[in-house]
Amino acid sequence: LTYTAMHGVGYPFIVKTLATLGFSPLNSVKEQIEADPEFTTVAFPNPEEGKGALKLAIEQAERGESNFILANDPDADRLAIA
């Protein structure tokens, strides 16, 4: 399972939620864990944008052999599953 917070606030919440459900460790996109209002690694930080927004997560998933990607938008009110 690979996760990206898209430079937003979702990381601590998803980690706790998934750990509670027995999903750990989480394969996270390290470059996008911390909140960053400039969104330095993605042009448009909306997970529904698909491959463009999920490029780093897709690469991370392929390296980590993840079958699924979870992606929050920066304010964590939307969640995409790929």
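This text goes with the structure placed above it.
For the structure given in this document, a descriptive report is provided here. Note that the structure is predicted; figures quoted are calculated from it, not measured.

Conventions and cut-offs
- Residues numbered from 1 in each chain as written.
- Predicted model: local features only at pLDDT ≥ 70, side-chain atom pairs only at ≥ 80, totals over all residues.
- Heavy atoms only, no water.
- Helix = DSSP H or I, 4+ residues; strand = E, 2+ residues; numbered from the N terminus.
- Rg over C-alpha atoms; globule rule 2.2 N^0.38 Å.
- Buried < 20%, exposed > 50% of the residue type's maximum accessible area, 1.4 Å probe, protein only.
- Contact = heavy atoms within 4.5 Å.
- Areas by Shrake-Rupley, 256 points an atom, 1.4 Å probe, with all protein chains shown as cover.
- Lys, Arg positive; Asp, Glu negative; His and termini not counted.
- Charge placed at Lys NZ, Arg CZ, Asp CG, Glu CD.
- Patch = residues over 30% accessible without salt bridge, like charges linked within 9 Å, V, L, I, M, F, W, Y side chains within 5 Å.
- Salt bridge = Lys/Arg side-chain N within 4 Å of Asp/Glu carboxyl O.
- Phe/Tyr/Trp six-rings, centres within 6.5 Å; stacked < 30°, edge-to-face > 60°.

## Some details on the overall build of the chain
And step 1. Along its length, the chain carries two helices and four strands.
And step 2. Tracing the chain from N to C terminus, the helices and strands come up as β-α-β-α-β-β.
And step 3. What you see for the chain is a C-alpha radius of gyration of 11 Å, in line with the 12 Å of a compact globule of 82 residues.
And step 4. Among the 82 residues that make up the chain, the fraction classed as buried is 41%.
And step 5. Considering only contacts in the chain between residues 6 or more positions apart, those separated by 24 or more positions represent 67%.
And step 6. Carbon and sulfur atoms make up 58% of the accessible area of the chain, which totals about 5,100 Å².
And step 7. Side-chain charges of the chain comprise 6 positive and 12 negative groups, with the mean position of each set lying 6 Å from the other.

## Details of a nonpolar patch on the surface
And step 1. Among the surface-exposed residues, Leu1, Leu21, Phe23, Phe68, Leu79 and Ile81 lie close enough to one another that they form a single nonpolar patch of about 620 Å² accessible area.
And step 2. Relative to the assigned elements, phenylalanine 23 resides in the loop between helix H1 (11-20) and strand S2 (27-28).

## Focus: the environment of leucine 79
And step 1. In this structure, leucine 79 sits in strand S4 (residues 79-81).
And step 2. For the pair leucine 79 and alanine 61, spaced 18 residues apart in the sequence, the C-alpha separation amounts to 17 Å.
And step 3. In this structure leucine 79 touches Leu70, Ala71 and Asn72, once residues within four positions along its chain are discounted.

## Quick notes on unusual backbone geometry
With glycine set apart, most residues show a phi of negative sign, and most peptide bonds adopt trans.
And step 1. Here the phi dihedral of histidine 7 falls at roughly 65°; this positive angle occurs in a residue that is not glycine.
And step 2. Mapping histidine 7 onto the fold places it in the loop between strand S1 (2-4) and H1.
And step 3. If you check the backbone angles, alanine 76 has positive phi at about 60° while not being a glycine.
And step 4. As for its position among the elements, alanine 76 is in the loop between strand S3 (69-72) and S4.
And step 5. Classification of alanine 76 by relative accessible area gives partly exposed; the value is 30%.

## Quick notes on the packing of aromatic side chains
For any pair of aromatic rings, the description consists of the separation of the ring centres together with the inter-plane angle of the planes.
And step 1. Per the counting criterion, the structure on display carries one aromatic pair.
And step 2. Ring geometry for tyrosine 3 versus tyrosine 11: centroids 6.4 Å apart, planes at 35°, classification tilted.
And step 3. We classify tyrosine 3 as buried; its relative accessible area is 1%.

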